[in-house]
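Residues per chain, in single letters:
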Amino acid sequence: MIRVAAVGDIHMGPESQGVLRPAFDTLPDCADILLLAGDLTRHGTPEEARVVAEEVRGLPVPVVAVLGNHDHHDDRPEEVTEILQDAGVHVLEGRATVVSTAHGRIGVAGTKGFGGGFVGRSAGEFGEPVMKEFVRYSRRCADGLRRSLEELGEQGCDARVALTHFSPVAETLAGEPLEIYPFLGSYLLAEAIDTAGADLAVHGHAHAGSEHGMTSGGVRVRNVAQPVIRRAFNVYHLQTPEPEPAAAPAGGGHAWQSAEDPAPGFMT
């Protein structure tokens, strides 16, 4: 099993320095990787980004992140990204990274994503230029996620995870007002995940949503926004393939399953 710790929407500011670090220091005991699903800061300022950077700097497990809408608010996402990268965080937007762990190689494809809604109740690429751009931007995010997942599929990873901030499915938004669903995610992300394939999809953004969901293609989706999971992180297990017998013919496939850790991370 590859053990994946994940949390989003930690919304850190100067006064929250050190709040999560005691829990993050326990990660080697229960996880092989930490995923941060966006909205790491409150307003996307470099000052806030430095707080996040110190919270994860030097952790003994790899840290992979995407930015969220809050991390873009100050119009300096490049600076936020650079500060996090200087602390050793892999920050993804339309690209992927592969991490080798003691339990296997895990590939993570990431994008912030965007809104637009879900099948039957979604925005269309029609009308005013600003409306067309809204949908095109969401599509570009989804296309980047699909391409990244496909690249990981060619690299022989033992598990693949789609990491986004916006939700790919409506199921994990249950609890949020229906009126704001189009601003919480897009079915285009789920289409990208199902087209390219993944073993788990992780997102945040929906503070009043629900943790569990699934794409129409059967990929498990988890909303790890901290107000939803109510702890420093959750841990999910991804089953890796059994080694091939020496005499096995080439080209055989593997059945994949994912299971949740019954003892997720805690807030100190």
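These numbers were taken from a predicted model, which means no experiment stands behind them. (Residues numbered from 1 in each chain as written. Predicted model: local features only at pLDDT ≥ 70, side-chain atom pairs only at ≥ 80, totals over all residues. Heavy atoms only, no water.)

Describing the pattern of salt bridges
Taken as a whole and assessed by the stated rule, the structure comprises eight salt bridges. In this structure, arginine 3 and aspartate 32 form a salt bridge, with 3.1 Å as the shortest nitrogen-oxygen distance. With arginine 3 in strand β1 (residues 2-7) and aspartate 32 in the loop between α2 (27-30) and β2 (33-37), this pair connects stretches of sequence that are 29 residues apart. Each member of the pair, arginine 3 as well as aspartate 32, carries the same accessibility label: buried. Overlapping salt bridges, with partners in common, bring together Asp74, Arg76 and Glu79 in one network. (Salt bridge = Lys/Arg side-chain N within 4 Å of Asp/Glu carboxyl O. Helix = DSSP H or I, 4+ residues; strand = E, 2+ residues; numbered from the N terminus. Buried < 20%, exposed > 50% of the residue type's maximum accessible area, 1.4 Å probe, protein only.)

Quick look at the nonpolar core
Core analysis: the largest hydrophobic core is formed by 33 residues, its most contacted members being Phe24, Leu27, Leu34, Leu36, Leu84 and Phe233. Only β1, α1 (21-24), α2, β2, α3 (46-56), β3 (63-66) and α5 (77-86) provide two or more residues apiece to this core. In terms of residues, this core owes the most to one element, α3, which gives five residues. In this view, phenylalanine 24 contacts Val7, Leu34, Glu55, Val56, Leu59, Ala232 and Phe233; residues no more than four positions away in its chain are not counted. With 20 residues, the next largest nonpolar core counts Val66, Leu92, Leu163 and Tyr236 among its residues. (Core = buried A, V, L, I, M, F, W, Y, C linked by side-chain atoms within 4.5 Å. Contact = heavy atoms within 4.5 Å.)

Considering the side chain of aspartate 71
Along the chain, aspartate 71 falls in helix α4 (residues 69-72). For the buried aspartate 71, no salt bridge is present, and the opposite-charge side chain at shortest range is lysine 112, 9.5 Å distant. Among the polar contacts listed, one links the side chain of aspartate 71 to the backbone nitrogen of glycine 68, at a separation of 2.8 Å. For aspartate 71, the residues in contact, after removing those within four places along its chain, are Gly38, Asp39, Leu40, Thr41, Gly44, Pro77 and Val80. (Lys, Arg positive; Asp, Glu negative; His and termini not counted. Polar contact = N/O pair within 3.5 Å; in protein donor to acceptor, adjacent residues only side chain to side chain.)

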